[in-house]
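Topology and contacts: notes
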Amino acid sequence: DFLILPLMANEGIEKTEPLKIQSYLNAKKPILGILRGSGREIITENNLGVCADPDDIEDIASSFVKSIDFTKDYSQKVQISAKILMETRFNKKRIINTITKLMVST
């Protein structure tokens, strides 16, 4: 009913957008993110699930309980948000066009 995205606490990892997020968005299911940084921001800002601090076992346990209670309505909202993100932020064609425009304009 939901996907788990666990990433260890690491400054380098926290600065990147985990590639797994795109796969999880394609699955169109709520995400339990056990992570910090950019991946966590994507999940929380787009209401794609809940997140926990990877170094806080009580926070992780609490997030599992919240995830178990995801409703069907919430899952449908996640599906819509995931589709929008894949069509905009993670759209390969759009990203390439943006980079090309930047290269041409400089």
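See the structure above.
A brief look at the structure comes next. Note that the structure is predicted; figures quoted are calculated from it, not measured.

Once that is clear, we can look at the pattern of salt bridges. Tallying each qualifying case throughout the model produces four salt bridges. Among the salt bridges present, the one from Asp53 reaches Arg36, with a minimum N-O distance of 3.1 Å. Highlighted residues: Asp53 in the loop between β3 (49-52) and α4 (57-68) and Arg36 in the loop between β2 (31-34) and α3 (38-45), separated in sequence by 17 residues. A relative accessible area of 29% places Arg36 in the partly exposed class. Glu87 is paired through a salt bridge with Lys83; the nearest N and O atoms lie 3.7 Å apart. Here the residue Glu87 and the residue Lys83 both occupy positions in helix α5 (residues 72-87), the gap between them amounting to four residues, near one helical turn.

So, on to the pairing of β3. Here is the key point about a regular strand: its side chains alternate between the two faces of the sheet. Both β2 and β3 contribute to a ladder of four bridges, which runs parallel. Its bridge partner lying in β3, Ile31 is registered against Gly49.

Because an α-helix completes one turn every 3.6 residues, residues spaced three or four positions apart along the sequence face the same direction. The first and last C-alpha atoms of α5 sit 23 Å apart over 16 residues, in line with the 22 Å expected at 1.5 Å per residue. Among all positions in α5, only Tyr74, Ser75, Val78, Ala82, Leu85 and Met86 are buried. Here the buried residues of α5 occupy an arc of 105° about the axis, which is enough to place them on one side. Within α5, the exposed residues directed more than 90 degrees away from the buried face are Asp73, Lys77 and Ile80. On its buried face, α5 is in contact with α2 (20-27), α3 and β3.

What follows is about the environment of Asn10. Relative to the assigned elements, Asn10 resides in the loop between β1 (3-6) and α1 (11-14). Given a relative accessible area of 32%, Asn10 falls into the partly exposed group. Expressed as a C-alpha distance, the spacing of Asn10 and Leu32, which sit 22 residues apart in the sequence, is 18 Å.

So, how was this worked out
- Residues numbered from 1 in each chain as written.
- Predicted model: local features only at pLDDT ≥ 70, side-chain atom pairs only at ≥ 80, totals over all residues.
- Heavy atoms only, no water.
- Salt bridge = Lys/Arg side-chain N within 4 Å of Asp/Glu carboxyl O.
- Helix = DSSP H or I, 4+ residues; strand = E, 2+ residues; numbered from the N terminus.
- Buried < 20%, exposed > 50% of the residue type's maximum accessible area, 1.4 Å probe, protein only.
- Pairing = 2+ DSSP bridges.
- Expected span 1.5 Å × (residues − 1).
- Arc of directions from axis to C-beta.
- Contact = heavy atoms within 4.5 Å.

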